[in-house]
Amino acid sequence: MDFDASFFVHLAAACYVAGYLIRDQLWLRTLLLVGTFFYIAYYYFAPNVPLWEAITWSSVMAAANAYVIVDMARDRASFGITASQRTLYDRFAPMAPGEFRRLVRIGHFHAVDAETVLTREDVQPTHLYFVTEGPIEIEKKGGSFTIEAPAFIGEVSLLTDSTASATVRLWPGARYVAWERRDLMVLLDRRPQLRQRFDTLLNIDLAKKVGAGTRTA
């Protein structure tokens, strides 16, 4: 029985249709990649002479798609997150593991052993902070109140590109992570999805602090 290479076209089309019906980007791209391989097989076996131009460009598209698939798979894998970072990662849910690793890579972890001022009212901070342990003293317009970690510090200035709205102090025993603003903005500009999730975390945290300040008042 002669081999009918058109069978590869049907398999490729089936993979494409299945992929377009799936919302998950990783599975969609995987099915498109498999379908591309079937199209390449068709271009090779169906004509008397392989269609090398079509094979070449289909291979290039498959390679580009495979690169993104690997990148997306790495984002979803939790390897590389240490035990000490796990608690912080749990607080950053639903951020993908890969997105969290990128944040940690440009962050600096600190343990406070003396009174530390993170921000000063009406002065633009150079960093964004996330306090993981310890009480946080907030002074604003002559008044003060205390909130408990975890909490972002400097998020209003980051979101509005303005000066700090309050003076914030930490005391011995506190722990925090600091991100240099410029490095953080470069990362967020390169990763729109990460920016969206990070902005959501900042807004939720801001709402909590406003509530805590209102109750204190």
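Scroll up to find the structure this text is about.
Analysis parameters
- Residues numbered from 1 in each chain as written.
- Predicted model: local features only at pLDDT ≥ 70, side-chain atom pairs only at ≥ 80, totals over all residues.
- Heavy atoms only, no water.
- Patch = residues over 30% accessible without salt bridge, like charges linked within 9 Å, V, L, I, M, F, W, Y side chains within 5 Å.
- Areas by Shrake-Rupley, 256 points an atom, 1.4 Å probe, with all protein chains shown as cover.
- Salt bridge = Lys/Arg side-chain N within 4 Å of Asp/Glu carboxyl O.
- Helix = DSSP H or I, 4+ residues; strand = E, 2+ residues; numbered from the N terminus.
- Core = buried A, V, L, I, M, F, W, Y, C linked by side-chain atoms within 4.5 Å.
- Buried < 20%, exposed > 50% of the residue type's maximum accessible area, 1.4 Å probe, protein only.
- Contact = heavy atoms within 4.5 Å.
- Pairing = 2+ DSSP bridges.
- Phe/Tyr/Trp six-rings, centres within 6.5 Å; stacked < 30°, edge-to-face > 60°.

A. Region of interest: a nonpolar patch on the surface. There is a patch of nonpolar side chains on the surface, built from Val17, Leu21, Ile22 and Trp27 and spanning about 440 Å² of accessible area. Checked against the element boundaries, Trp27 lands in helix H2 (residues 25-45).

B. Region of the structure containing the nonpolar core. Judged by nonpolar contacts, the single largest core of 21 residues is most densely connected at Phe92, Leu103, Phe152, Trp179 and Phe198. Mapped onto this core, the elements with two or more residues apiece are helix H4 (83-91), helix H5 (97-105), strand E3 (127-133), strand E8 (175-180), helix H7 (181-190) and helix H8 (192-216). Not counting residues within four places of it along the chain, the set of residues in contact with Leu103 comprises Phe92, Met95, Trp179, Leu184, Leu187, Leu194 and Phe198. Phe145, Ile153, Ala166 and Ala178 belong to the second largest nonpolar core, which has 16 residues in total.

C. Examining the pairing of E3 more closely. Burial runs high along E3: 5 of the 7 residues are buried. The pairing of E3 with E8 spans 6 bridges and is antiparallel. Bridge pairing in E8 links Tyr129 to Ala178.

D. The packing of aromatic side chains, seen in detail. Across all of its chains, the model carries 17 aromatic pairs by this definition. Between Tyr129 and Tyr176 the ring centres are 5.8 Å apart and the planes differ by 70°, which places this aromatic pair in the edge-to-face class. Pair noted here: Tyr129 is in strand E3 and Tyr176 is in strand E8, with a separation of 47 residues, a long-range link. Overall, the relative accessible area of 9% leaves Tyr129 in the buried class. The exposure class of Tyr176 is buried, given its relative accessible area of 11%. Considering the side-chain rings of Phe152 and Phe198, the 5.7 Å spacing of their centres and the 80° angle between planes classify their relative orientation as edge-to-face. Note that Phe152 is positioned in strand E6 (residues 151-153) and Phe198 in helix H8, a separation of 46 residues in sequence. Like Phe198, Phe152 is buried. Through a chain of ring-to-ring contacts, three or more aromatic side chains come together here, namely Tyr89, Phe92, Phe100, Phe130, Phe152, Trp179 and Phe198.

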